Amino acid sequence: MLRIAIQAKGRLHDDTVELLKEIGIKLPSSKRTLVAKAKNFNVEVLFLRDDDIPQTVADGVADLGIVGLNEVEEKGFEVHRIMPLGFGGCRLSLALPAATDYPGPRWFNGRTIATSYPGILKGWMQAKGIEAKVHVISGSVEISPGIGLADAIFDIVSSGSTLVSNNLREVEVAMESEAWLISSGMLSKEKLALLDELLFRIRAVKSAEGKKYVLMNAPRHRVDDICAALPGIKSPTIMPLADEGWCSIHTVLEERRFWEIIGQLKACGAQGILVLPIEKMII
Ligand code: ATP
Ligand code: MG
């Protein structure tokens, strides 16, 4: 059996449970449990605070974990970083009062920086040759300059709106983060086989993300032009229609490219264009 540690509640919880569901790991719906056995896969899920996930995996108490890369870096425990999962995106940045002149990283020399991520901050300072005082607090970092606790902050930023509402300006990005699948370095052969199956399923779900199945009717004599406009996975499927002058073309498109391509398809005489969701894609 594989044991996966995930965040019990917080920003990563819902996307993590959704991903597990998409790869066929159904969990009991009760929110109060700390451990849950999947109904249909040889997996047990531990619900933890995100801070505790890297150590739990490093110690082998859990075989796998889903956690922000920032927590992995900060804690410094030895775990394998298997793959980024495409959610929980954020960055760790330095910010200072908005009106302050900022000539570059040397501004931080001799200043006090408040943060909940002293490990990552010290790594950044070392890389830049900065000597500053690090004041560690566990939350509400963004109010520190306003109350005179620090000159600047080092904190997680996603949209930047928290900084703006606290009259702060982001000046340096030290690290980009998102949720990662991590594993312990001590998996048995049997567990590695279960992990392989899990990775196969995650890749199938991730491959389908942002892609659409597109079908359309097209005049036969324009098929070559239409195929040239379509960046499909391989070549598109072309099927005859009852009307001999027409055929049906099926392909897979990146959704973000769709509007760019649709004009070209219409100009080539394509009609009845259907765009359908794709759940999973095994390449
Ligand atoms: P826990 O109770 O599990 O300790 P937490 O309060 O420490 O939770 P959350 O705020 O739920 O943590 O954030 C979890 C992770 O989500 C962060 O470590 C980070 O990787 C990611 N994240 C993405 N965007 C943000 C954001 N705007 N603020 C904070 N974390 C973010
Ligand atoms: Mg936490």
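Here the structure is a predicted model, which is why all the values come from computation and not from measurement.

Q: Looking at this model, I keep getting lost on the overall build of the chain. Mind explaining?
A: Across its full length, the chain holds 8 helices and 15 strands. Since a compact globule built from 283 residues should have a radius of gyration of about 19 Å, the 25 Å found for the chain marks it as more spread out than a globular shape. The principal-axis extent of the C-alpha atoms belonging to the chain is close to 80 × 50 × 35 Å. A total of 283 residues make up the chain; the buried ones form 44% of that total. The long-range fraction of contacts in the chain, counting pairs at least 24 apart against all pairs at least 6 apart in sequence, stands at 68%.

Q: Sorry if this is basic, but what is going on with the packing of aromatic side chains here?
A: The description of two aromatic rings rests on the distance between their centres and on the angle between their planes. Under the defined criterion, the tally for this structure stands at 5 aromatic pairs. On the basis of an interplanar angle of 75° and a centroid distance of 5.3 Å, the ring pair of Phe258 and Trp259 is categorised as edge-to-face. Among the aromatic residues, those joined into a ring-pair cluster are Tyr102, Trp107, Phe108 and Trp124. One cation-aromatic arrangement involves Arg111 over Trp107; the distance from NZ or CZ to the ring centre is 4.1 Å.

Q: Sorry, what's going on with the site of ligand 1 here?
A: Neighbouring residues of ligand 1: 17 residues in total, closest Arg49, Asp50, Asp51, Asn70 and Ser158. Side-chain polar atom of Asn70 to an oxygen atom of ligand 1: 2.7 Å apart, as the coordinates give it. One of the side-chain nitrogen or oxygen atoms of Ser158 is found 2.7 Å away from a nitrogen atom of ligand 1. The protein chains hide 77% of the 630 Å² of surface that ligand 1 would expose on its own. Among the residues making up the shell around ligand 1, the classes are represented as 4 nonpolar, 7 polar and 6 charged.

Q: Hey, could you run me through the sheet that holds strand S14 (residues 246–254) in this one?
A: Sheets are built from strands paired through backbone hydrogen bonds, the pairs being either parallel or antiparallel. Strand order across the open sheet formed by 4 strands is S13-S14-S12-S15, with antiparallel pairing between neighbours. Each having just a single partner strand, strand S13 (237–240) and strand S15 (271–277) make up the two edges of the open sheet. Across the sheet, the axes of successive neighbouring strands diverge by a mean angle of 20°, strand direction being ignored. Sheet analysis places strand S12 (residues 211–219) next to S14, joined by 9 bridges and oriented antiparallel. Looking across to S14, one finds that Lys211 is bridged to Glu254. Packed on one face of the sheet, helix H8 (residues 255–267) meets S12, S14 and S15 and runs near 155° to S14.

Q: Honestly, the coordination of the magnesium ion (ligand 2) in this entry has me stumped. Any pointers?
A: Think of it this way: four donors in a tetrahedron around the metal ideally sit 109.5 degrees apart, and six in an octahedron ideally sit 90 or 180 degrees apart. Within the first shell, the magnesium ion (ligand 2) binds the protein through Asp50 (OD) and Asp51 (OD), at distances of 2.0 to 2.1 Å. On the accessibility criterion, Asp51 (29% relative accessible area) is partly exposed.

Q: Sorry if this is basic, but what is going on with the pairing of S14 here?
A: The two faces of a sheet get side chains in turn, since along a regular strand they alternate between them. Of all the 9 residues making up S14, 7 are buried; the element is thus mostly covered by neighbouring parts of the structure. Examined bridge by bridge, S13 and S14 share 4 bridges and lie antiparallel to one another. The partner of Pro240 across the bridge, within S14, is Cys247. Taking the residues between adjacent antiparallel strands as the criterion, S13 and S14 are bridged by 5 residues.

Q: Explain a nonpolar patch on the surface to me, please; I cannot follow it from the model alone.
A: A contiguous nonpolar patch, built from Ile143, Ile147 and Leu149 and spanning about 260 Å² of accessible area, is present on the exposed surface. As for its position among the elements, Leu149 is in the loop between strand S8 (133–136) and strand S9 (152–157). Residue classification places Leu149 among the partly exposed positions, given a relative accessible area of 35%.

Q: Looking at this structure, how should I read helix H6 (residues 189–208)?
A: One full turn of an α-helix is made of 3.6 residues, so residues set three or four places apart face in the same direction. Helix length check: H6 (20 residues) gives 29 Å between terminal C-alpha atoms against 28 Å at 1.5 Å per residue, within 8%. Taken together, the buried positions of H6 are occupied by Leu194, Leu195, Leu198, Leu199, Ile202, Ala204, Val205, Ser207 and Ala208. Buried positions along H6 lie against strand S1 (2–7), helix H1 (13–22), strand S4 (64–68), strand S5 (80–84), strand S11 (179–183) and S12. Phi for Gly210, located one or two positions after H6, is positive at around 75°.

Q: So what exactly am I meant to see when it comes to the side chain of Ser93 here?
A: Tracing the backbone through its elements, the reader meets Ser93 in strand S6 (residues 90–97). Residue classification places Ser93 among the buried positions, given a relative accessible area of 2%. A polar atom in the side chain of Ser93 sits 2.6 Å from the side chain of Glu170.

Rules used throughout
Residues numbered from 1 in each chain as written. Chains lettered and ligands numbered in written order. Predicted model: local features only at pLDDT ≥ 70, side-chain atom pairs only at ≥ 80, totals over all residues. Heavy atoms only, no water. Helix = DSSP H or I, 4+ residues; strand = E, 2+ residues; numbered from the N terminus. Rg over C-alpha atoms; globule rule 2.2 N^0.38 Å. Buried < 20%, exposed > 50% of the residue type's maximum accessible area, 1.4 Å probe, protein only. Contact = heavy atoms within 4.5 Å. Phe/Tyr/Trp six-rings, centres within 6.5 Å; stacked < 30°, edge-to-face > 60°. Lys NZ or Arg CZ within 6 Å of the ring centre and 35° of its normal. Near = heavy atom within 4 Å. Polar contact = N/O pair within 3.5 Å; in protein donor to acceptor, adjacent residues only side chain to side chain. Areas by Shrake-Rupley, 256 points an atom, 1.4 Å probe, with all protein chains shown as cover. Nonpolar A, V, L, I, M, F, W, Y, C, P; charged D, E, K, R; others polar. Pairing = 2+ DSSP bridges. Axes fitted to C-alpha atoms, helices over the stretch in contact; angles between N-to-C directions. Donors = N, O, S within 2.8 Å, 3.2 Å for Na, K, Ca; no water. Patch = residues over 30% accessible without salt bridge, like charges linked within 9 Å, V, L, I, M, F, W, Y side chains within 5 Å. Salt bridge = Lys/Arg side-chain N within 4 Å of Asp/Glu carboxyl O. Expected span 1.5 Å × (residues − 1).

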